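# Breakdown of the fold
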Amino acid sequence: MKETEEIMGMIKEEGAAYFARERGNKVEVGLYLEHLIEERGMKKKDIVRKLNLEESYARKLFGGQRIPTRKILLQCAFLLSLDLSDTQRLLDIGQKPRLYPRVRYDAAIIYGLEEKMTLEQMNSFLDEIKEETLL
């Protein structure tokens, strides 16, 4: 089994190619999230707090023992200010369905990403249009 530092080095070196090659590896989504958090100068503990995750679940998620739900990945996308392309990549890596514009809920999420909404703004918008919120 590869050491975390070795995998992080490969992520930094190879970027998206690493994830395409390592598809199906449970570790990748947690490491990819860590990479995105670090890249944006944020702290993992702040993201965990904002997501209101249990400490043990967060440890397993970032440790690669748990694959997050689609909803958690979408929450992360808004907290990390990802664009649509990066959000689709995050969903792919997390082995979750991509956003599909013909689905009303997904179209609303796409709109929120394109408008660079915060998670709070997105949830308010979803509530306003009578769709399930992300929180």
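A brief report on the enclosed structure follows. (Residues numbered from 1 in each chain as written. Predicted model: local features only at pLDDT ≥ 70, side-chain atom pairs only at ≥ 80, totals over all residues. Heavy atoms only, no water.)

This part covers the overall build of the protein. Scanning the protein for helices and strands turns up 9 helices and 0 strands. Ordered by position from N to C terminus, the α and β elements of the protein give α-α-α-α-α-α-α-α-α. Residue burial in the protein is summarised as follows: out of 135 residues, 45% are buried. Long-range contacts, defined as pairs at least 24 residues apart, comprise 52% of the intrachain contacts of the protein with a sequence gap of at least 6. Roughly 7900 Å² of accessible area belongs to the protein as shown, and the carbon and sulfur atoms make up 48% of that amount. (Helix = DSSP H or I, 4+ residues; strand = E, 2+ residues; numbered from the N terminus. Buried < 20%, exposed > 50% of the residue type's maximum accessible area, 1.4 Å probe, protein only. Contact = heavy atoms within 4.5 Å. Areas by Shrake-Rupley, 256 points an atom, 1.4 Å probe, with all protein chains shown as cover.)

This paragraph deals with the side chain of Asn-123. Mapping Asn-123 onto the fold places it in helix 9 (residues 119–128). One polar contact links the side chain of Asn-123 to the main-chain amide nitrogen of Leu-135, over a distance of 3.5 Å. (Polar contact = N/O pair within 3.5 Å; in protein donor to acceptor, adjacent residues only side chain to side chain.)

A few words on the packing of helix 4 (residues 44–51) against helix 6 (residues 70–79). Across the interface, helix 4 lies against helix 6 with an axial gap of 11 Å and an inter-helix angle of 125°. When the axes of helix 4 and helix 6 are compared, the pair comes out oblique. Between helix 4 and helix 6 the crossing geometry is right-handed. Here Ile-47, Lys-50 and Leu-51 of helix 4 come into contact with helix 6, specifically with Ile-72, Gln-75, Cys-76 and Leu-79. Taken together, the residues that form the contact of helix 4 with helix 6 break down as 5 nonpolar, 1 polar and 1 charged. (Axes fitted to C-alpha atoms, helices over the stretch in contact; angles between N-to-C directions. Parallel < 35°, antiparallel > 145°, perpendicular 65-115°, else oblique. Left-handed = near helix turned anticlockwise from the far one by under 90°. Nonpolar A, V, L, I, M, F, W, Y, C, P; charged D, E, K, R; others polar.)

Another point: the packing of aromatic side chains. Considering all chains together, one arrives at 1 aromatic pair under this definition. Here the aromatic rings of Tyr-111 and Phe-125 are separated by 5.2 Å at their centres, their planes lie at 40°, and the arrangement is tilted. Highlighted residues: Tyr-111 in helix 8 (residues 104–114) and Phe-125 in helix 9, separated in sequence by 14 residues. Owing to a relative accessible area of 39%, Tyr-111 belongs among the partly exposed residues under this scheme. (Phe/Tyr/Trp six-rings, centres within 6.5 Å; stacked < 30°, edge-to-face > 60°.)

Secondary-structure assignment places Asp-86 in helix 7 (residues 84–93). Asp-86 sits in the buried class, given a relative accessible area of 19%.

Structurally, the position occupied by Met-117 is in the loop between helix 8 and helix 9. Judged by relative accessible area, Met-117 falls into the buried class, the value being 15%. Sequence separation between Met-117 and Ser-81 is 36 residues, and the spatial gap between their C-alpha atoms is 8.0 Å. Setting aside anything within four residues of it in sequence, one finds Met-117 in contact with Phe-78, Tyr-111, Gly-112, Met-122 and Phe-125.

Attention shifts here to the pattern of salt bridges. Taken as a whole and judged by the stated rule, the model has 8 salt bridges. Taking the shortest distance from any N to any O, the salt bridge between Lys-71 and Glu-132 comes out at 2.4 Å. With a gap of 61 residues between them, Lys-71 in helix 6 and Glu-132 in the segment after helix 9 connect regions that are remote in the sequence. Given a relative accessible area of 26%, Lys-71 falls into the partly exposed group. Note on Glu-132: relative accessible area 52%, which makes it exposed. (Salt bridge = Lys/Arg side-chain N within 4 Å of Asp/Glu carboxyl O.)

What is shown is where atoms sit, not what they do.
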